[in-house]
Amino acid sequence: MKIGIIGTGNISHKHFKEFSKIEGVKIESVCDVNNENLNLFISKFGKHIRCYSSADEMLENEKNFDGISNATPDKFHKEVSLKVLNRQLNIFSEKPLAENYQDAKILADAANKYNVINMVNFTYRESSAYQKLVEILKSHQLGDVRHVSANYYQSWLTSNIWGKWREEDRWLWRLSKEHGSNGALGDTGVHIFDFTVNAVGDIKELCADLKTFKEKGTKIGKYTLDANDGFTSMIRFENGAIGTVTNTRYATGYANTLILEVFCEKGAVKVELDEQRNKWSTLNICEGDNIHSIKWEKIECDQTPSNFERFISSIRKNSNDQPNFTQGAKIQKILDMCIKSNDINQWVDIK
Ligand SMILES: NC(=O)c1ccc[n+]([C@@H]2O[C@H](COP(=O)([O-])OP(=O)(O)OC[C@H]3O[C@@H](n4cnc5c(N)ncnc54)[C@H](O)[C@@H]3O)[C@@H](O)[C@H]2O)c1
């Protein structure tokens, strides 16, 4: 199978490695508008890979793609994905699907109209513990969900674990609205909302508070530091459960951790995913007599497919697995509603 990659920056290296691991899948051509990134990619992964300086050039010159991976920054997702969809090619897009719900819906509608395989790379779905948590909740063995606590913690604004954001250009788009960032909400909030909604169910209403800490400074070079650094939100789910979803880049002591706790009528489940993937297969459950002794049991879950594998097997079976573009658009709407709720300082109805 022949997969092409558009955008050869940071995340594309993972796309190359993950797709190349799958039997019968080859990355033979890539493109980028930035020559430096393109050359670095080629020097790392092989001179045999054909490279192009734009998506149009690659799509014009290369025939018989089985799928295209869109690994460009958020700001270019819509434009690039539409080019791919208009050629009726299967598409794997980085998250978020687009910059706002209107654009995300255009992409989801186009993917459905052309009936191509479409997937958004919500990475944390890849945790086998999370997959088991979803299965348990959907089986209803713990009864109705009552209360949810979902937190996404990063600390790159207080630590140098990933580098020095005040000195390195590559972080700055994440802090600047003009450079296409919806801040922590768009960057990582998109993950924690997908994680929560896919497990618990749709959101009815929410109330969100976005925060940009002015104290960290207002500008670095051409970048105005005006995107949010984190948010808290209160949620009312369609199924009657309530909860909170939060996300911060000031979570000192955590590099990149997602914690989802779901408390139900007859038990509770939780997953905590850490940066090193040490805990991606460990599910914690409290049920039966353990409810009274306040004991959590650890369940080791067998590996489940990566999003890259799901995309390829969807193409092979001609049957679209999750997370698809429709889900990507649904999550985008939640992000838009968080911004609206913050702006008007009120609860908002998702519909
Ligand atoms: N799923 C995850 O967990 C995860 C993790 C990190 C990043 N991401 C997402 O991946 C995307 C890329 O992030 P990154 O850190 O790799 O960014 P990056 O800036 O390192 O790389 C993006 C590349 O795309 C190129 N590009 C821009 N516009 C283009 C166009 N029109 N045609 C071709 N190439 C173009 C840029 O020149 C750059 O080389 C972002 O949307 C980000 O949110 C996802």
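Along every chain, residues carry numbers that run from 1 in the direction the sequence is written. Per-residue local features of the predicted model are confined to residues with pLDDT of at least 70, and side-chain atom pairs are confined, for both listing and counting, to 80 or more; whole-chain, interface and lining totals are unaffected and use all residues. Think of the side-chain values as coming from all heavy atoms in the structure, minus any hydrogens and water.

(A) Fine view of the overall build of the chain. Note on conventions: DSSP H or I runs of at least 4 residues are helices, E runs of at least 2 residues are strands, and numbering of each starts at the N terminus. A tally of regular secondary structure across the chain gives 11 helices and 17 strands. Note that the radius of gyration is over C-alpha atoms, with the globule rule given as 2.2 Å times the number of residues to the power 0.38. Expected size for 351 residues packed as a compact globule is a radius of gyration near 20 Å; at 20 Å, the chain falls within 12% of this value. C-alpha extents for the chain along the principal axes are approximately 65 × 50 × 40 Å. Contacts: residue pairs with any heavy atoms within 4.5 Å of one another. Within the chain, counting contacts between residues at least 6 apart in sequence, those at least 24 apart form 70% of the total. Using a 1.4 Å probe, accessible areas were evaluated by the Shrake-Rupley method; residue-level cover was limited to the displayed protein chains. Accessible surface, the chain as shown: approximately 16100 Å² in total, 47% of it carbon and sulfur. Of the side-chain charges in the chain, 46 are positive and 47 negative, and the distance between the mean point of each set is 1 Å. Only four residue types enter the charge count: Lys and Arg as positive, Asp and Glu as negative, with His and the chain ends excluded. Every charge is mapped onto a representative atom, which is NZ of Lys, CZ of Arg, CG of Asp or CD of Glu.

(B) Quick look at the pairing of strand E2 (residues 26-31). Pairs of strands are assigned from DSSP output, requiring at least two bridges between the strands. With five bridges connecting them, strand E1 (residues 2-6) and E2 associate as parallel partners. Across the sheet, isoleucine 5 pairs through a bridge with valine 30, a residue of E2. The handedness of a crossover follows from its direction of travel: if, with the strands pointing away from the viewer, the path from the first strand over the helix to the second runs clockwise, the crossover is right-handed. Handedness of the E1-helix H1 (residues 10-21)-E2 crossover: right-handed. Relative to strand E3 (residues 50-52), E2 runs parallel, the two being bridged by three bridges.

(C) Quick look at the packing of aromatic side chains. Each Phe, Tyr or Trp ring (for Trp, its six-membered ring) is paired with any other whose centre lies within 6.5 Å, and the angle between the two planes then decides the class: stacked below 30 degrees, edge-to-face above 60, tilted in between. Evaluated as defined, the whole model comprises 16 aromatic pairs. With a centroid separation of 4.9 Å and 35° between ring planes, the pair formed by phenylalanine 92 and phenylalanine 308 is classed as tilted. Taken together, the residues span a long stretch of sequence, with phenylalanine 92 in strand E5 (residues 91-93) and phenylalanine 308 in helix H10 (residues 307-317) at a distance of 216 residues. For the pair phenylalanine 92 and phenylalanine 308, a shared accessibility class is recorded, and that class is buried. Where phenylalanine 193 meets phenylalanine 231, the ring centres are 5.7 Å apart and the plane angle is 10°; that geometry is what we call stacked. One end of the pair, phenylalanine 193, is in helix H8 (residues 183-200); the other, phenylalanine 231, is in strand E11 (residues 230-237), and 38 residues separate them in sequence. As far as burial versus exposure is concerned, phenylalanine 193 and phenylalanine 231 are alike and both buried. Three exposure classes are used, based on accessible area relative to the maximum for each residue type with a 1.4 Å probe and protein chains only: buried under 20%, partly exposed in between, and exposed over 50%.

(D) Quick peek at the sheet that holds E3. Ordered in space as E3-E2-E1-E4-E5-E6, the six strands form an open sheet in which the pairing is parallel. One side of each edge strand has no neighbouring strand; the edge strands of this open sheet are E3 and strand E6 (118-120). The average undirected angle you get between the axes of adjacent strands in this sheet is 20°. Of the strands in this sheet, E1, E2 and E3 are in contact with helix H2 (residues 35-45), which crosses E2 at around 160°. Helix axes are fitted to C-alpha atoms over the stretch in contact, other axes to C-alpha atoms as well, and angles between N-to-C directions run from 0 to 180 degrees. Taken strand by strand, H10 contacts E1, strand E4 (67-70), E5 and E6, and its axis lies near 175° from that of E6.

(E) Structural view of the side chain of serine 81. Mapped onto the fold, serine 81 is located in helix H4 (residues 77-86). Here serine 81 falls in the buried class, since its relative accessible area comes to 0%. Under this definition, polar contacts are N or O atom pairs within 3.5 Å; protein pairs additionally need one hydrogen-donor-capable and one acceptor-capable atom, and for neighbouring residues in sequence, both atoms have to be side-chain atoms. Polar contacts involving the side chain of serine 81 include one to the side chain of asparagine 70, which spans 3.0 Å. Ignoring anything within four residues of it in the chain, the contact list for serine 81 reads Asn70, Ile91, Ser93 and Leu107.

(F) Highlighting the domain arrangement of the chain. The domain limits used here are those given by an automatic or database domain assignment. When cut into domains, the chain gives domain 1 (2-123) and domain 2 (124-304 + 321-349). A separation of 25 Å is found between the C-alpha centroids of domain 1 and domain 2. Contacts between the two partners involve 26 residues from domain 1 and, on the opposite side, 29 residues from domain 2. Of the roughly 2200 Å² buried where domain 1 meets domain 2, counting both sides, 60% is carbon and sulfur surface. When two components associate, each loses some accessible surface as probed by a 1.4 Å sphere; the sum of these losses over both components is called the buried area. It is Tyr101, Phe122 and Thr123 that lose the most area in domain 1 upon contact with domain 2, and together they represent 35% of the buried surface on that side. The term salt bridge refers to a side-chain nitrogen of Lys or Arg lying within 4 Å of a carboxyl oxygen of Asp or Glu. At the surface where domain 1 touches domain 2, the tally comes to one salt bridge.

(G) Quick peek at the site of the ligand. Throughout, the term near means that a residue has one or more heavy atoms lying within 4 Å of the molecule or strand in question. Neighbouring residues of the ligand: 21 residues in total, closest Ile11, Asp32, Asn37, Asp74 and Thr123. Take lysine 95: an N or O atom from its side chain is 3.0 Å from an oxygen atom of the ligand. In the environment of the ligand, a nitrogen atom lies 2.7 Å from a nitrogen or oxygen atom belonging to the side chain of threonine 123. Coverage of the ligand by the protein amounts to 86% of the 850 Å² it exposes when considered alone.

(H) Representation of H4. Every buried residue of H4 is listed here: His77, Val80, Ser81, Val84 and Leu85. Angular distribution of buried residues about the axis of H4 spans 135°; they occupy a single face of the element. At its buried positions, H4 is contacted by E1, helix H3 (55-61), E4, E5, helix H5 (101-114) and helix H11 (325-344). Directly beyond the C-terminal end of H4, a positive phi value near 60° is found at glutamine 88. Here the arc refers to the set of directions running from the helix axis out to each C-beta atom.

(I) The arrangement of unusual backbone geometry in detail. Cis rather than trans, the peptide bond between lysine 95 and proline 96 has omega equal to -15°. Tracing the backbone through its elements, the reader meets proline 96 in the loop between E5 and H5. Omega for the peptide link from glutamine 322 to proline 323 comes to -5°, which places this bond in the cis form. Here proline 323 lies in the loop between H10 and H11. With a phi angle near 60°, glutamine 88 is a residue other than glycine that sits in the positive phi range. In this structure, glutamine 88 sits in the loop between H4 and E5. Its identity as a non-glycine residue notwithstanding, isoleucine 294 has a phi of 55°, on the positive side.

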